[in-house]
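Structural overview for review
As a plain string of letters, each chain reads:
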Amino acid sequence: MKLAVIGTGYVGLVSGTCFADSGNDVTCVDIDEQKVAQLREGNIPIYEPGLEPIFKRCRREERLSFTTDMDRAVREADIVFLCLPTPPGGDGQADLSAVMTVAGQLGPLLDDYTVIVNKSTVPVGTANRVRKAVGQQADEELFDVVSNPEFLREGAAVDDFMKPERVVIGTDSDRAADLMTTLYEPFVRSGNPIIVMDPRSSELTKYAANAMLATKITFMNEIANICERVGANVDNVRRGIGTDSRIGKRFLFAGIGYGGSCFPKDVQAIHHTASEHGYDFKIVDSVMKVNESQKTSIVRKMENYFGTADFSGKTFGMWGLSFKPETDDIREAPALYIAEELVKQGAKLLAYDPEAIGTFKQATSQQVLDNTTFVHKQEEALDNIDALVICTEWNEFRRPTVDNFNDVMKQPVIFDGRNLYDLERARKAGITYISVGRPRINESELATSE
Ligand SMILES: NC(=O)c1ccc[n+]([C@@H]2O[C@H](COP(=O)([O-])OP(=O)(O)OC[C@H]3O[C@@H](n4cnc5c(N)ncnc54)[C@H](O)[C@@H]3O)[C@@H](O)[C@H]2O)c1
């Protein structure tokens, strides 16, 4: 099939490349001329493991092209995917301006029957709005609008796209459902379902999935906060409940809160949709509030440890800036908030991340930039620091470091927002180790010996 993918970000680029790999002829469109030029030269602007070899193969076989010329791409396409940003608007509502702007341009470009697919995460009713916008300038027979939410996770996006646990297709049109099913069949050979439903349910499915996952994480973060107060260990509680198949083992790891480009905005957006329809969605309201304070809970622990909120004269190492490992995406990353607070409280930072230094620099404040030295090796962030703060669970941070901190740090004090290390090893290594929802290790000994 001939596909046009409008919006070549994390979702558009991965979807476009994977669709091209399964034999389709894909044109990716973006308004960002620099991004398009870079992609044409064969350079991928994001860090996404596993994408490059497929991208290169599809480019070589001329099944994947990039352009700023939407008109031509759409005219030739059987299916047009909208993979456009839907950031939070002022009051938490999803900002649909990119989606609606593009929708308003599609009508005159439709010569033959075309399926227009919303892959962006959009509020309930958007498929209908897009249909009306396109229909103002095109015969209704010429197109259908389908909701096809995307569930890929950054960092594992290629695998998620190639082997989705399910594909959700929201449409009332049998013709569109058949075309979409044909397109997705190669991706579900192992028997995972393609679930066809009405567009409204499909749109809500995406928000419900993200709100449920954000709630699961937040629930465990609250259990961790209780563990800290009652002297329990969240790792044990996690194992104790995760073995119950009704609860499941995944997404039960406590930490410094969820971030990223999806959970925060989607939780806000579903809350907003509910309010608009006269429903107070109390659980997600609490999830948002808890996550807000969880992101900087580690700073409170540091204040407690140092006995002051004034960090003037202190330098902290920071490991991990991206919102999760295996991505350079720093949107809503806890590290942004933690850096901001630490610097406001007078600290200097030595920051390291394997992939996200560039994106972090673009997103953070001038005050953080002025007070942060970015280093290119994880050990360099340990140089002469008063404590290390771990914000992202990159695998390279797990390596035997826990036994070595004592040799390479003047004061081996670690605040771990991601529970990377075994408590017993930390105890034996003699480091002060303060993590999330677990007993503090060697805290009093070192605090009093200072
Ligand atoms: N990133 C994820 O992990 C993920 C996962 C599932 C769903 N989603 C959803 O997918 C959508 C896209 O997310 P993303 O992370 O890929 O966004 P992104 O910001 O990485 O990419 C969006 C792209 O659209 C381009 N664009 C903006 N306006 C345009 C226009 N008028 N014409 C052409 N291109 C335009 C931008 O230049 C950018 O390259 C969002 O709704 C998001 O919620 C994202």
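Just so you know, these numbers come straight off a predicted model, no measurement behind them. (Residues numbered from 1 in each chain as written. Predicted model: local features only at pLDDT ≥ 70, side-chain atom pairs only at ≥ 80, totals over all residues.)

Describing the overall build of the protein
Rules: Numbering of helices and strands runs from the N terminus; a helix is a DSSP stretch of H or I covering at least four residues, while a strand is a stretch of E covering at least two. With the radius of gyration taken over C-alpha atoms, the globule rule is written as 2.2 Å times the number of residues to the power 0.38. To assign burial, the other C-beta atoms lying within 10 Å of each residue's own C-beta are counted, with C-beta atoms placed from the backbone; 20 or more indicates buried, 12 or fewer indicates exposed, and intermediate counts indicate partly exposed. A residue pair is marked as a contact if its C-beta atoms, positioned from the backbone, fall within 7 Å.
Check the secondary structure of the protein and you find 19 helices and 14 strands. Taking 2.2 N^0.38 as the reference for a compact globule, 450 residues should give roughly 22 Å; the C-alpha atoms of the protein span a radius of gyration of 24 Å, in line with that estimate. Dimensions of the protein, computed from C-alpha atoms along their principal axes, come out at roughly 80 × 45 × 40 Å. The 450 residues of the protein split such that 47% are buried. Look at the contacts in the protein between residues 6 or more apart in sequence, and 73% of them connect residues 24 or more apart.

Here we look at the site of the ligand
Note the following rule: We count a residue as near a molecule or strand when its backbone-placed C-beta atom lies within 6 Å of that partner. We call Asp, Glu, Lys and Arg charged. Ala, Val, Leu, Ile, Met, Phe, Trp, Tyr, Cys and Pro are nonpolar, and the rest, Gly among them, are polar.
Contacts to the ligand come from 26 residues, most closely from Gly7, Gly9, Val11, Ser120 and Thr121. A per-class count over the shell around the ligand returns 12 nonpolar, nine polar and five charged.

Quick notes on the domain arrangement of the protein
We apply this condition: The source of the domain bounds is an automatic or database domain assignment.
Along its sequence, the protein is carved into domain 1 (2-197), domain 2 (207-293) and domain 3 (296-449). The centre of domain 2, based on its C-alpha atoms, is set 23 Å off from the matching centre of domain 3. Taken together, the 18 residues of domain 2 in the interface contact 18 residues of domain 3. Among the elements of the structure, helix H9 (199-230) and helix H10 (234-242) are those that each provide at least two residues to the side of domain 2 that touches domain 3. It is H9 that provides the largest number of residues to the side of domain 2 that touches domain 3, a total of five residues.

Observations regarding H10
Along an α-helix, residues three or four apart share an orientation, since each turn contains 3.6 residues. Counted only if it meets this: Think of it as the arc spanned by the lines of direction from the helix axis to the C-beta atoms.
Turning to H10, its buried residues are Val234, Asp235 and Arg238. For H10, the angular spread of buried residues about the axis comes to 105°, placing them on one side. Residues of H10 that are exposed and point more than 90 degrees away from the buried face comprise Asn236, Arg239 and Gly240. Structurally, H10 contributes buried residues whose contacts are with H9.

Observations regarding unusual backbone geometry
Phi at Glu62 takes a positive value of approximately 55°, unusual for a residue other than glycine. Unusually for a residue other than glycine, Asn442 sits at a positive phi of about 55°. Examined against the element boundaries, Asn442 turns out to sit in the loop between strand S14 (432-434) and helix H19 (443-449). Taking the number of C-beta atoms within 10 Å as the measure of exposure, Asn442 has 19 and is therefore partly exposed.

Side note on the packing of helix H1 (residues 10-21) against helix H3 (residues 51-60)
Just so we agree on the cut-off: Inter-axis angles, ranging from 0 to 180 degrees, are taken between N-to-C directions of lines fitted to C-alpha atoms, where helices are fitted over the stretch in contact. Working definition: roughly parallel below 35 degrees, roughly antiparallel above 145 degrees, roughly perpendicular at 65 to 115 degrees, and oblique for all remaining angles. Throughout, a crossing is termed right-handed when the near helix is turned clockwise from the far one, and left-handed when it is turned anticlockwise from it by less than a right angle.
Running from N to C, H1 and H3 cross one another at 55°; their axes reach a closest spacing of 9 Å. Taken together, H1 and H3 sit at an angle that is classed as oblique. H1 and H3 meet at a crossing whose hand is left-handed. Here Val14, Thr17, Cys18, Ala20 and Asp21 of H1 lie close against H3, whose contacting residues are Leu51, Ile54, Phe55 and Cys58. Classifying every residue of the contact of H1 with H3 gives seven nonpolar, one polar and one charged.

Examining the confidence of the model for the protein
Our working rule: pLDDT expresses, on a scale from 0 to 100, how confident the predictor is about each individual residue.
Confidence along the protein averages 96 in pLDDT terms, with 98% of residues attaining 70 or more. Confidence drops under pLDDT 50 across residues 445-450; counting only partners more than four residues distant or on other chains, this segment forms three contacts.

Considerations on the environment of Gln411
Along the polypeptide, Gln411 turns up in the loop between helix H17 (401-408) and strand S13 (413-416). C-alpha separation for the pair Gln411 and Thr432, spaced 21 residues apart in sequence, amounts to 8.7 Å. Those residues in contact with Gln411, other than ones at most four positions away along the chain, are Asp386 and Ala387.

What about the packing of helix H11 (residues 263-276) against helix H12 (residues 282-295)?
The contact between H11 and H12 brings their axes to 9 Å, and the two run at 145°. H11 and H12 meet at a crossing whose hand is left-handed. For the pair H11 and H12, the contacting residues are Val267, Gln268, Ile270 and His271 in the first and Val284, Asp285, Val287 and Met288 in the second. Classifying every residue of the contact of H11 with H12 gives five nonpolar, two polar and one charged.

Comments concerning the pairing of strand S8 (residues 194-197)
Quick note on the threshold: In this analysis, strands are considered paired if DSSP registers two or more bridges between them. Seen with the strands pointing away from the viewer, any crossover whose path from the first strand over the helix to the second strand runs clockwise is right-handed.
Bridge count for strand S7 (residues 167-170) against S8 is four bridges, and the pairing is parallel. Looking at S8, one finds that Val168 is bridged to Ile195. Taking the sense of rotation as the criterion, the β-α-β connection linking S7, helix H8 (residues 174-184) and S8 turns out right-handed.

Structural notes on the nonpolar core
Spelled out, the test is: Remark: nonpolar core denotes a set of buried Ala, Val, Leu, Ile, Met, Phe, Trp, Tyr and Cys residues whose joining runs through C-beta atoms within 7 Å.
Core analysis: the biggest nonpolar cluster contains 130 residues, and Ile6, Val80, Met318 and Val389 have the highest contact counts within it. Counting residues per element, this core draws most heavily on H9, which supplies eight residues. Beyond its immediate sequence surroundings of up to four residues, Met318 is in contact with Ala335, Ala339, Leu349, Leu350, Ala351, Tyr352, Ala381, Val389 and Cys391.

Some thoughts on the sheet that holds S14
With parallel pairing, six strands are arranged side by side in an open sheet as S11-S10-S9-S12-S13-S14. One side of each edge strand has no neighbouring strand; the edge strands of this open sheet are strand S11 (372-374) and S14. Averaged over all neighbouring strand pairs, the angle between strand axes comes to 20°, with direction disregarded. Alignment of strand S9 (residues 315-319) against strand S10 (residues 348-352), held across five bridges, turns out to be parallel. Among the inter-strand pairings, Met318 is bridged to a residue of S10, identified as Ala351.

Observations concerning the environment of Lys289
Residue placement: Lys289 occurs in helix H12. As a C-alpha pair, Lys289 and Thr218 span 71 residues in sequence and 9.8 Å in three-dimensional space.

A closer look at the pairing of strand S1 (residues 2-6)
Among the five residues that make up S1, four are buried, leaving the element largely enclosed by the rest of the structure. Sheet topology places S1 next to strand S2 (residues 25-29); five bridges connect them, and they run parallel. In the strand pairing of S2, Ile6 is matched with Val29. Two elements, S1 and strand S4 (residues 79-82), share four bridges in a ladder whose sense is parallel. Looking at the pairing, Val5 lines up with Phe81 of S4.

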